[in-house]
Amino acid sequence: MDNLTDDFELTGGVGIPCIGYGTWQTPDGEVAAASVAAAIEAGYRHIDTAAVYGNEQSVGEGIARGGVPRDQLFITSKLWNTERGYEKTLAAFEKTCADLGTDYLDLYLIHWPASEHQFEDWEEVNLATWRAMCELHQAGKIRAIGVSNFLSHHLEALMKTDVAPMVDQIEFHPGCMQAKTVEYCREHGILVEAWSPLGCGRVLQNADLGAIAAKYGKSVAQICIRWILQHEVLPLPKSVTPSRIRENADVFDFELSAEDMAAIDALGEFGGSGLHPDKVDF
Ligand code: A2P
């Protein structure tokens, strides 16, 4: 990957720009609109949002302000947990598109799996949602479909359908590697995307990462993003600060050595959100 617009290729052939601009916890209104426009100005062409973030209209406003033709952008959104099931998924998709001001999505994800903890028939619930996603994909309204926060057993249930998920967006950053899920995705041609690539800011003070960053003359945030890319995972850094938005995209002029990659891999668990897909109550 040499720049922000270089693509990973999804199963099915759709290209996805290798760094996405994240919008979780970006306040609705002017902050979201201005920061999305700033990201597009900085060269991001991949914007990641979700219905539950409550900012899709403002993200749409920022996309319009960015002034880049729609077909040069890659827009992802996610189906929230209250909207699972065939009919509700179709309706939620329409609302998301209307809020974003687009008539199609590049990528639509099931935000969290229905789990055993909440549903006796969790597999059926996920399959009904997935059937709607597949139909929308088939109809050309979504270019690629996938999931988020799915562990291997959740994915396994969907692999029996005609179209397998193309993406799994999970928490992934130094200190949180989810090796089992990542390995499953690799074996099945599913691209892993990293939410909270900076651990929501929690990993930025880590002294070991700081020492590596100093060695390369880069920030810890840049080290995290670069480490994720070199793992062939797609990072989705979020910032509402224009200088950081640019900083997080400036990761193509250096390469982490194999030793430093391994050293970061070996740091152990830290900075995680603690959210477990089979235990969350939402
Ligand atoms: P802000 O949005 O106020 O600029 P993550 O992408 O892991 O969810 O992390 C997002 C958090 O990290 C936000 O609090 C964001 O702050 C902060 N952040 C994003 N980029 C940087 C950066 N380059 N340096 C320091 N903090 C950053």
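Summarised in this report is the structure supplied together with it. What you are looking at is a predicted structure, and each value in this text was computed from that prediction instead of being measured.

Parameters and conventions
- Throughout, residues of each chain are indexed from 1 in the direction in which the sequence is written.
- Note on the predicted model: pLDDT of at least 70 is required for a residue's local features to be given, and 80 or more for side-chain atom pairs to be given and counted; whole-chain, interface and lining totals, by contrast, use all residues.
- Only hydrogens and water are set aside; all other atoms, that is, all heavy atoms of the structure, feed into the side-chain values.
- Definition of nearness: a residue and a molecule or strand are near each other if at least one heavy atom of the residue lies within 4 Å of the molecule or strand.
- Polar contact is the term for a pair of N or O atoms within 3.5 Å; when the atoms are in protein, one must be able to donate a hydrogen and the other to accept it, and sequence-neighboring residues count only if both atoms are side-chain atoms.
- The method behind every accessible area is Shrake-Rupley, applied with a 1.4 Å probe, and residues are considered shielded solely by the protein chains displayed.
- Here the term charged refers only to Asp, Glu, Lys and Arg, the term nonpolar to Ala, Val, Leu, Ile, Met, Phe, Trp, Tyr, Cys and Pro, and the term polar to all other amino acids, Gly among them.
- By the convention used here, strands pair only if DSSP detects at least 2 bridges between them.
- Starting at the N terminus, helices and strands are each numbered in turn, a helix being any DSSP run of H or I of at least four residues and a strand any DSSP run of E of at least two.
- Each patch is built from residues that are more than 30% exposed by relative accessible area and take part in no salt bridge. Like charges join if they lie within 9 Å; nonpolar side chains (Val, Leu, Ile, Met, Phe, Trp, Tyr) join within 5 Å.
- The term salt bridge refers to a pairing of a side-chain nitrogen on Lys or Arg with a carboxyl oxygen on Asp or Glu at a separation within 4 Å.
- Only four residue types enter the tally: Lys and Arg on the positive side, Asp and Glu on the negative side, with His and both chain ends excluded.
- Throughout, a charge is located at the NZ atom of Lys, the CZ atom of Arg, the CG atom of Asp or the CD atom of Glu.
- The cut-offs for exposure are 20% and 50% of the maximum accessible area for each residue type, with area from a 1.4 Å probe on protein chains only; residues under the lower value are buried, those over the upper are exposed, and the others partly exposed.
- Here a crossover is taken to be right-handed if, once the strands point away from the viewer, the path from the first strand over the helix to the second is traced clockwise.
- The directions from the helix axis to the C-beta atoms form the arc being described.
- We call two residues contacting when some pair of their heavy atoms lies within 4.5 Å.

1. A look at the site of the ligand
At step 1: Taken together, 16 residues form the shell around the ligand, and within it Leu198, Cys200, Lys238, Ser239 and Thr241 come nearest.
At step 2: Between the ligand and the protein, one listed contact pairs a nitrogen atom with a side-chain N or O atom of Asn248 at 2.9 Å.
At step 3: Across the complex, the protein chains shield 82% of the 570 Å² of accessible surface that the ligand would expose by itself.
At step 4: Residue composition of the shell around the ligand, grouped by class: seven nonpolar, six polar and three charged.

2. Regarding the sheet that holds strand S9 (residues 191–195)
At step 1: One open sheet holds the eight strands; their spatial order is S3-S4-S5-S6-S7-S8-S9-S10, and the pairing between them is parallel. Whereas interior strands pair on both sides, the edge strands pair on one side only; in this sheet they are strand S3 (21–22) and strand S10 (234–235).
At step 2: Pairing geometry for strand S4 (residues 46–48) and strand S5 (residues 74–79), over three bridges, is parallel. The residue bridging Asp48 from the neighbouring strand is Thr76, located in S5.

3. A closer look at a negative patch on the surface
At step 1: On the surface, a cluster of negative charge is made up of Glu116, Glu120, Asp121, Glu123 and Glu124.
At step 2: Locating Glu116 in the fold gives a position in the loop between strand S6 (105–110) and helix H4 (122–138).

4. Description of the pairing of S9
At step 1: For S9, the tally of buried residues reaches five of five residues, placing the bulk of the element in the interior.
At step 2: Sheet topology places strand S8 (residues 167–171) next to S9; five bridges connect them, and they run parallel. Bridge pairing in S9 places Val167 opposite Leu191.
At step 3: Read as a crossover between parallel neighbours, the route from S8 over helix H6 (residues 179–187) to S9 is right-handed.
At step 4: Where S9 and S10 come together, two bridges link them in parallel fashion. Within the sheet, the bridge partner assigned to Glu193 lies in S10 and is Leu234.

5. Overview of H6
At step 1: Within H6, burial applies to Thr181, Val182, Tyr184 and Cys185. Across the axial projection of H6, the buried residues extend over an arc of 160 degrees, all falling on one side. Every exposed residue of H6 that faces more than 90 degrees away from the buried side is listed here: Ala179, Lys180 and Glu187.
At step 2: Residues of H6 that are buried sit in contact with helix H5 (152–158), S8 and S9.
At step 3: Where H6 ends, the next residue or the one after it, Gly189, has phi of about 70 degrees, a positive value.

6. What about the pairing of S6?
At step 1: Of all the six residues making up S6, six are buried; the element is thus mostly covered by neighbouring parts of the structure.
At step 2: In this sheet, S6 lies alongside S5 in parallel orientation, the contact comprising four bridges. Its bridge partner lying in S6, Thr76 is registered against Leu107.
At step 3: In terms of handedness, the path from S5 via helix H3 (residues 86–100) over to S6 forms a crossover that is right-handed.
At step 4: Relative to strand S7 (residues 142–148), S6 runs parallel, the two being bridged by five bridges. For Leu109, the partnering residue across the bridge sits in S7 and is Gly146.

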